[in-house]
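# Chains, contacts and geometry: an overview
The lines below spell out each chain.
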Amino acid sequence: MPGFTLTYFPVRGRAEPIRLLLADQGAIWTEKEVQIDDWFSGKCELKKTAAFGQLPRFQRDDFVLYQSNSILRYLGHEFGIAGSNKEESARIDMVNDGVEDLRQKFSRFVFIEFETGKEKYLQDLPNQLSPFEKILSNNANGTKFVVGDKISFADYNLLDMIHCHLDLDPKCLASFPLLSAYSQRLDKRPKLSDYLKSEKRNKRPITPKHK
Ligand code: GTS
């Protein structure tokens, strides 16, 4: 088993879809935690060497990678879950880019408007989730994954975003039967379910703003 190392802050954040993928694919990986205060105080040398001055950082032997979506895609290729042809890969990328758009809105809300903007954010959330409900309905009537009949790296990214929003509003999927069944189905995958119940997952808040 290759030695994977993931370096990130002690939160789920942008590392969590990577962790969901690794756990579900049965990989073993090492976590290196960087304390947020050390990072911003300059105590952590890694900020200077990080490609874009940010985390997460992924390492496999001498190979180092930044950018969470590039890491997801790389692991998608590693585990054969990045599409079986050019068109499938492109559709997986498309969904993953859509998840990234939602993640950016979620991050903006959490880091800038958490105290004041929850009502507005939740009001608009159905508009943000409905494209994913439609994407699911177009693939085997929502009974499988976002693309094709095999899990892909985009599924882990979407699942993580669903988890984040369910934490914000446990009823947010009430009008999205396919997304709701999809997330429940994925959560029950044996290795994923073990990870979701694990202490290492549950000791980490979603973001530094979550307790
Ligand atoms: N596009 C990058 C990715 O997807 O990896 C964004 C990475 C990013 O914004 N990292 C933040 C960071 O390192 C933490 S978080 O957004 O993932 O919570 N912040 C510290 C800094 O110095 O910018």
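Residues numbered from 1 in each chain as written. Predicted model: local features only at pLDDT ≥ 70, side-chain atom pairs only at ≥ 80, totals over all residues. Heavy atoms only, no water.

## What to know about the sheet that holds strand β2 (residues 29–33)
Note the threshold: At least two DSSP bridges between two strands are needed for those strands to be called paired. Helical segments are the DSSP runs of H or I of at least four residues, strand segments are the runs of E of at least two, and each set is numbered from the N terminus. Angles here are taken between N-to-C directions and fall from 0 to 180 degrees, while the axes themselves are lines fitted to C-alpha atoms, restricted in helices to the stretch in contact. Any two residues whose heavy atoms approach within 4.5 Å are treated as being in contact.
The sheet built from four strands is open, its strands ordered β2-β1-β3-β4 with mixed pairing. In this open sheet, the two strands that pair with only one neighbour each are β2 and β4 (63–66). Looking at each pair of strands side by side, their axes are set apart by 20° on average, direction ignored. In terms of strand pairing, strand β1 (residues 4–8) meets β2 through five bridges, oriented parallel. Residue pairing for β2: Thr-7 is matched across the bridge by Lys-32. Across the sheet, helix α4 (residues 68–78) is in contact with β1, β3 (57–60) and β4; its angle to β4 comes to roughly 130°.

## Remarks on the domain arrangement of the protein
Rule in force here: Domain limits in this description derive from either an automatic procedure or a database domain assignment. Here's the idea: put two parts together, see how much 1.4 Å probe accessible area each one loses, and the total over both is what we call buried area. Pairs of N or O atoms within 3.5 Å make up the polar contacts considered here, provided that, within protein, one atom can donate a hydrogen while the other can accept it, and that residues adjacent in sequence are counted only when both atoms are side-chain atoms. Three classes are used, and their members are as follows: Ala, Val, Leu, Ile, Met, Phe, Trp, Tyr, Cys and Pro are nonpolar, Asp, Glu, Lys and Arg are charged, and the others, Gly among them, are polar.
According to the domain assignment, the protein contains domain 1 (4–80 + 193–203) and domain 2 (86–189). Put simply, the middle of domain 1 and the middle of domain 2, counted by C-alpha atoms, are 21 Å apart. Contacts between the two partners involve 16 residues from domain 1, matched on the other side by 17 residues from domain 2. Summing both sides of the interface, domain 1 and domain 2 together bury roughly 1,400 Å²; the carbon and sulfur share of this comes to 49%. Among the residues of domain 1 in contact with domain 2, Arg-14, Asp-24 and Arg-73 are the three that bury the most area, contributing 31% of the side total. Joining domain 1 to domain 2, the criterion identifies ten residue pairs in polar contact (both at pLDDT 80 or more). When residues of the side of domain 1 that touches domain 2 are traced back to their parent elements, those giving at least two are α1 (16–24), α4 and α9 (190–197). Here the element with the most residues in the side of domain 1 that touches domain 2 is α1; it accounts for five residues. Counted by class, the side of domain 1 that touches domain 2 contains five nonpolar, six polar and five charged residues.

## With respect to the nonpolar core
What counts is decided by this rule: Among buried residues, those of type Ala, Val, Leu, Ile, Met, Phe, Trp, Tyr and Cys that are joined through side-chain atoms within 4.5 Å constitute a nonpolar core. The classification of residues rests on relative accessible area computed with a 1.4 Å probe and restricted to protein chains. Under 20% of the type maximum is buried, over 50% is exposed, and intermediate values are partly exposed.
Formed by 61 residues in total, the largest nonpolar core has its most connected members in Leu-75, Phe-106, Val-146, Leu-158, Leu-179 and Tyr-182. With nine residues, the top contributor of residues to this core is helix α7 (residues 153–168). Taken domain by domain, the makeup of this core includes at least three residues from each of domain 1 (4–80 + 193–203) and domain 2 (86–189). For Leu-75, the contacting residues outside a window of four places in its chain are Phe-4, Ile-18, Leu-21, Leu-22, Phe-58 and Ile-81.

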